[in-house]
Every structure is written in structure tokens, then in C-alpha cells.
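# Structural overview for review
Here is what each chain is made of, one letter per residue.
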Amino acid sequence: MKTTPANKNIRRRRSLSRNDRFTLAAFIGIPTLMQIIFLWLPALITIILSFTYWNGINVGDIKWAGLANYRNIFFGTPVFYEALKNNAIWLLWFTFIATPLGILLAYQIDRKIKGHKLFETVFYIPVVLSLAIIGIIWNFMFQPGGFVQGLMGRDISNAVSIWGNYSINTYVIMGVASWRHIGYIMLLYLAGLKSVDPSLREASAIDGATEWQTFRKIVLPTMRPVNIIIVVITIIESLRAFDLVYIIYGTSTAWPLLNILVFQNFAGQGISMKGAAYAVILLVLCVGPILLYLRSVFKEDLK
Amino acid sequence: MSDATNGISRRSVLKGAAIGGLGLAGGGSLLASCSSKKVTGDVHFTIRGNLSDAGSKINIAVNDAYTKKTGNKVISQAVNSDDFQNNFVQIMQGTPDDAFGWMAGWRTNARADAGLLADVSAQVKTLGSTLSAAAVQGATNPADGKQYIIPTTYYPWGLHYRKSTMTELGLNPENIATWDDLIKLCEATQKKGLVGYAMGDKGGWEAMGTFDIINMRLNGYQFHIDLLNGKEKWTDAKVLDVFTHMGQLIPFMNKNFLDIEWDGCRDLLLQKKAGAMMMGSWFANDFLAKSQADYDDLWIVPFPEINPEHGIDSIDAPLDGVSVAANGKNVEGGKDLAEFWGSKEGIDAAVAAGDTSIYISSEFDTSTYDAFNKQKLAVLGAAKNIGFFLDRDTRGDFAGPVVGPALQSFLKNPKDVTKILENVQAQWDALPAL
């Protein structure tokens, strides 16, 4: 159905019957309502609670604490900075190692290199697993008495220390997390690459551009929407990291992350709302960069 | 802070139970009196542990015996113990199972104060003199004088080892009377290629057992309890001394102590890879599940004396039992099941299923005690003061989030001890009043 822009508005307005309007209202209204009830309201309550002392049981026991929880976190809890460091490592690793690797893989597979179907499948498989399952698998592999230790002929008493070895455990965790992230990025990028008009690439090849020049000047700019998604996903995945580490270390904060601290302090052990304060800090960290990024993107698009 | 009074009133609480257990074997049953009002309906029960654990099988056996007696069905589910503890407040506010295995101390009393646990004073009364006065006192919430847990079993924390391993090495841990003896024992076992002092602290709480006992040995029970309740400072030179002693044990530990949890430690001992292990003796059930020979080989001795002023007068002996959720669907049924757990029939069912725990009840026939259980009682009897273990003797937002990571940091970098202790004190100071 093609209409000229001039009468588009009129026709659309007329074509909305009572029924249509009701349907539209329901389709927009119900999700918005659910969003408010299940997301915005709890977020708001969490923010308010982060300024209180409460054991989470009787509403009457809530006591105003001012900034005490935040002061406690910033000045009295060294594990907070360790968690921040680990989250930052996670973010940097994903940004500069895992994500580019995923993009590289997608690019190679899209070029239909030899055995590309096999590579695609192999790298895709971990993506279907949740990070919790991945945690269980790799924990089983590396823990004392685990499969890898068995292959090395080590029993519990002389097992190679991996999760408890602080000069390598960060890299092992990053490697395990990347195992899935690379495949995820590859998949997203591959879908984007398929939508790049092949004639663009042919044209640049005819003009004598190298592979790298074509990628940088032609493919990357045409993939702008996918790039935004990938940047946002990389940031979000790094900040919300939890399940993998929780499976391996529990709440012992042997390798702390912000989310682990949220959970540990929310878990009903305490009577301060320190967990809520951690959650708010995490929220600020998540919302900040994404808003900034999206704003700059939309600004450019408007030009 | 409720625990301060608790700590003092609890002194020597369980010692009486130990003696009561030995002396009052076969006391008269008072259970007949309670059979008049009949409780009906399905009861839901949470087992803390994996279904494959020996302990879970014992739980199910007791619940089955209850069904057999009353006709009330018991639906048991096994939940990872750490997860259950961490999410306890949330679980109890939702639709919890009616009854569950639980532990006396802060974890019961604080939650009872919050109205999450059902009062089982009536059931404790029905069990009457089968529970020693001391055990009942240990299970009593100091805030209101009521009981929110039916105490069933307890166990000592001590040095565990395998008799056969020590004999092969030509050692006799029964003779370790002093700290130097312990170090010598560790040296000797290590020289033979074994782990001297098995440690697993990945869970973050296991090393608390070693900290507790060294603190009680060096500085005494009262200092220990006062420290855990904020009346003494972690920056005190006395506490530093505890860590200095702990540091001397690190060279004898397995290098992967941050890779394994308590069950890894247990396996070290089970597989004859380690000499001594400081642990609560609940894991003996797993030795028995493996084989009778392994169980017979297991032994426990008290942690040696460090400071003659305190000798070996204190011990960690956590009191376990069954609690009832206030928000359960069948609270009366839960209470009835909890009472059954403390009764002769319940204990008999557990023992028949291979339970090696020491029961509080005088209904528990001590003539059936095996050598290991008698030794456990002897270890308990040597102590005058009973602690419940660090994470039950202090508030929950201090034990797990503060002391646990601090001990891990110390084991990782013993040189940072001063900084670590300053930080622990700072974090205690930052806690809001209860």
C-alpha cells in the first residue's frame, strides 16, 4: 500500500477505528505499565532504600541513614575497589580483546574462508549456554579433582591452583567469559555483514582498496547500527557480570564483582541497605555511558 | 545487641548436655502425653545439602519414620546449604517449607526477633527433661526467653586425622599438648610428602574454625566472644598474635587452599593425602558412607594448648536442630515434625540410617556410642566454654561480608595483616546498631 507523504497522516488517522485505537493503547499501555511496575518502581524503591538501614523484613523498621551506606562503601570497604577493578578489567578485556576477536571471526566467516561453516558452528555453540552453565562446566574442568587436573595427573593435594591463584585466575575467568562473548559478537556481526551490499565491496576492490581499507572505510561505516548494539552489549555484559563468578566462588567475594557485592549484601545477612547502595552505584555506572553514547549517536543521525 | 548476653549466658551450656547425654541414657519417655491432639496434613521439609550427601539420606529416613508414625506425608527437598543461608530472609518471607534443619545462635535468634520463625517452646516443653537444661538454654532466644529451634545434635570442632596415616608415620597426635607439638607434627607429616595442615577456604568460612580456636586458646573464650561483639578491638595486639600463630600454619597447608572448600579438605583426609585437619566432625557421616573401615580410622583430638592460662578450656561446638517457618502452610505440622526430630523415634530413625552425630536428647542411648562418638564426647567434655562458631557468634553482616574475606586476604598475603585488621575494625565500626 503506497501513499504519498501528503495524505499519509490523514489516511492513518482515519483508518484508526475505535477497535484499532484500543488495540494500540493496549499494546503500548500494557508493556509500559509492566515496565513501570516491574522495573521503574523497584528501581526507585532501591534508590530510596539505599539511604536507609533496614533488615528487609518489617517495613516499620526502616530507619533513615542518609549517606552512611555510601560512605561505608567508598571509605570503609576495600573489597568495593577490588570489585570495581575486576569490572573494569572485564570491560577492557571485552572491549579490546573479546569483541574485536568476534568481529574478526565474523569478517573471516563472511568471506567464506575454507571451513567457515565449521568455524561458525564451533564458535556459536557456547552462545546457546547461559553463563551459569558455562561456570559449572569450567569449574568442573579446572577445580581440584576436576577433568583438566585429572589429565595433568594431579589429585586434590597437589592440584594446580587455578581459581585460588591470584596471578592467573583473572585471565582464566576472562578467557572463559570470552569463550561465549566472542561467539555472541560474531553472530551479531555476521548478521550485520550479510546486510552490507556486496556491490560496495566490489566497487572498493575495483578502486584498488586493500582488505583493511575496505573494512575500515566501507564495511564499518555501513554497519553503524550493529556497531552501536555491539558497544552497548559489551558495556552492559561487563557491568552485569555475575553468574559465572557466582558459580565458581559463591558469595565469598574471593573474586569480587559489583553484582556479587549487591547479592552478598542483599542476601538478608545484614541490617543496612548497603546492597541497595551497591545496586545504585551499578545503575549509575550502567546508565551513564550508555546515555552518553546513545545521545551522541542520535545527534549525529539528526544532522 | 542480643548476642552479647547470649554469649555469656551460653557459657558452658553444652557441656551439661554432653554429661547429660552420657548419664541419663534411657530416661523415661514423655512423648505419650502429646499424642492426644492430632496434627494432620502434608509437611514440607527443607534439607540443607545435596541429595546425594549421606546427611540428606538420614534426613529423609527421619521424615519417612514420621510419616509412618503419623500418616502425615513429608515432602522433602534438598537445597544447597549456602544458598539457603544466603537467601534465608527472602525464603522465609515467601512461601517457605514448614520445617528445615537449622542452627542455634545468631542465625536463629535474629530471625526469630524479626518474626520469621515459629515459637516451638511448647514442643521443647513436651520433650521435657529429655533435653538437658543446658541444651534448652543454648536454644533459647535471649530477647524473649522462647525457643525457636528444637535442638537435636551438636558436634565439636577439633583436629581430625586418620589413625592409620599417623601410625605409618610413627606419630601420635594424642600426644600433641602444645603449639610446638602441633608444629612438629605438621613438619613431620609434610616431610613425608603429605599435607601437614589441610585447609580449604574457598567458601570463605572454613578458616574461621582455625581463627576461633587459636583466639580462644591464646586469649580465652571471653575475649573471643567480646571481640565478636565489638567489645574488644581487632587492632588489639592480642588479635595480631592470633594471626601470627595462624601464619605459622600456612607453610604446612596445601597450596591450593583457596581452590577447595570444606569438602575438598575432607577428601584430602579421606584419600590419605593430609595429616591433620581442623574441622567440625559432622563430616564423619561421609567417612561412614564411604566405608566402615574409613570411619573406624577417623579420630579427633582437641586443638592443643597455646596459653597455659586458658589451657584447652574452650571449643567451638555448634548446636543444630530443626526450626519451623512462621509463614509455612502447615505451621502446626512443621512443629509436630520438629518435635519428632527431637524425640526418641526420630533419633532412632536417624541412627538406623547411619547417623554418627551426637544427639542432645537423653533418649539417645549412649551405650550404642561407637569409639569415635565417645572420643567426640571426651573432646567436648575437656572444654568448659562452648562457642557456636564465628558465623553464629557474631552478626551476619559482619561474619560473611567482613571476616570471611579478611581471612582469605590474610591467607593470601600474611604480610598485610596489620592493614587487614585495621580494616576489619573499621568495617565493624561502620556497622549500624542492631
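Residues numbered from 1 in each chain as written. Chains lettered and ligands numbered in written order. Predicted model: local features only at pLDDT ≥ 70, side-chain atom pairs only at ≥ 80, totals over all residues.

## Let's talk about the overall build of chain A
Regarding its fold elements, chain A presents 14 helices and two strands. Since a compact globule built from 303 residues should have a radius of gyration of about 19 Å, the 25 Å found for chain A marks it as more spread out than a globular shape. Taken along the three principal axes of its C-alpha coordinates, chain A extends 70 × 60 × 35 Å. Taking contacts inside chain A between residues at least 6 apart in sequence as the whole, the part at least 24 apart equals 64%. (Helix = DSSP H or I, 4+ residues; strand = E, 2+ residues; numbered from the N terminus. Rg over C-alpha atoms; globule rule 2.2 N^0.38 Å. Contact = placed C-beta atoms within 7 Å.)

## A word on the overall build of chain B
Helix and strand counts for chain B stand at 22 helices and twelve strands. Its C-alpha radius of gyration of 21 Å places chain B within 12% of the 22 Å reference for a compact globule of 434 residues. Its C-alpha atoms put chain B at 60 × 50 × 35 Å along the principal axes. Scored against the burial criterion, the 434 residues of chain B give a buried share of 56%. For chain B, contacts bridging at least 24 residues in sequence account for 82% of all contacts bridging at least 6. (Buried ≥ 20, exposed ≤ 12 C-beta atoms within 10 Å, placed from the backbone.)

## A short note on the interface of chain A and chain B
Contacts between chain A and chain B engage 36 residues on the former and 40 residues on the latter. Elements represented by at least two residues in the side of chain A that touches chain B include exactly α3 (68-76), α4 (78-110) and α13 (258-266) of chain A. By residue class, the composition of the side of chain A that touches chain B is 14 nonpolar, 21 polar and one charged. (Nonpolar A, V, L, I, M, F, W, Y, C, P; charged D, E, K, R; others polar.)

## As for the domain arrangement of chain B
All names here are of chain B. Each domain of chain B was delimited in the assignment, giving domain 1 (2-155 + 317-367) and domain 2 (157-316 + 395-429). For domain 1 versus domain 2, the distance between C-alpha centres works out to 28 Å. Contact residues are listed per partner, giving 14 residues for domain 1 and 15 residues for domain 2. Elements with a contribution of two residues or more to the side of domain 1 that touches domain 2: α1 (2-9), α3 (54-70) and α6 (106-113). The residue makeup of the side of domain 1 that touches domain 2, split by class, is seven nonpolar, four polar and three charged. (Domains from an automatic or database assignment.)

## Points about α3(B)
For an α-helix, the turn length of 3.6 residues means that residues three or four places apart are oriented alike. Residues and elements named next belong to chain B. Counted at 1.5 Å a residue, the expected span for α3 with its 17 residues is 24 Å, and the 25 Å between its end C-alpha atoms agrees. Of the residues making up α3, those classed as buried are G55, I58, N59, V62, N63, A65 and Y66. When α3 is viewed along its axis, its buried side chains cluster within an angular range of 150° and face the same direction. Buried residues along α3 sit against β1 (43-48), β2 (74-79), β3 (99-103), α15 (284-290), α17 (331-342) and α18 (344-352). One or two steps after α3, the chain reaches G71, where phi turns positive at roughly 80°. (Expected span 1.5 Å × (residues − 1). Arc of directions from axis to C-beta.)

## What to know about unusual backbone geometry
At T253(A), a position not held by glycine, the phi torsion is positive, near 50°. Relative to the helices and strands, T253(A) is located in the loop between α12 (243-249) and α13.

## Details of the nonpolar core
Grouped together as the largest cluster of nonpolar side chains are 182 residues, with contacts concentrated most on A198(B), C265(B), L337(B) and V403(B). Broken down by element, this core gets its largest block of residues, eleven residues, from α4(A). When neighbours within four sequence positions are excluded, A198(B) is seen to be in contact with N254(B), C265(B), L268(B), L269(B), A274(B), A276(B) and M277(B). (Core = buried A, V, L, I, M, F, W, Y, C linked by C-beta atoms within 7 Å.)

## Details of the pairing of β3(B)
Residues and elements named next belong to chain B. The element β3 is largely enclosed, with a buried count of five among its five residues. Because side chains alternate across β3, one face comprises the buried residues A99, G101 and M103, and the other comprises F100 and W102, equally buried. Where β1 and β3 come together, two bridges link them in parallel fashion. Looking across to β3, one finds that T46 is bridged to F100. Where β3 and strand β10 (residues 319-324) come together, five bridges link them in antiparallel fashion. Bridged to M103 within β10 is D320. (Pairing = 2+ DSSP bridges.)

## A few points about the pairing of strand β7 (residues 274-280) of chain B
Residue and element names in this part refer to chain B. The element β7 is largely enclosed, with a buried count of seven among its seven residues. The pairing of strand β5 (residues 157-162) with β7 spans four bridges and is antiparallel. Following the sheet pairing, H160 is matched in β7 by M277. Sheet analysis places strand β6 (residues 195-198) next to β7, joined by three bridges and oriented parallel. Note that in β7 the partner of V195 across the bridge is A274.

## Focus on the packing of helix α21 (residues 396-412) of chain B against helix α22 (residues 417-429) of chain B
Residues and elements named next belong to chain B. The contact between α21 and α22 brings their axes to 10 Å, and the two run at 175°. The angle between the axes of α21 and α22 places the two elements in the roughly antiparallel class. The segment α21 lies against α22, with F398, V402, V403, A406, S409 and F410 engaging V417, I420, V424, Q427 and W428. Partitioned by chemical class, the residues of the contact of α21 with α22 number nine nonpolar, two polar and no charged. (Axes fitted to C-alpha atoms, helices over the stretch in contact; angles between N-to-C directions. Parallel < 35°, antiparallel > 145°, perpendicular 65-115°, else oblique.)

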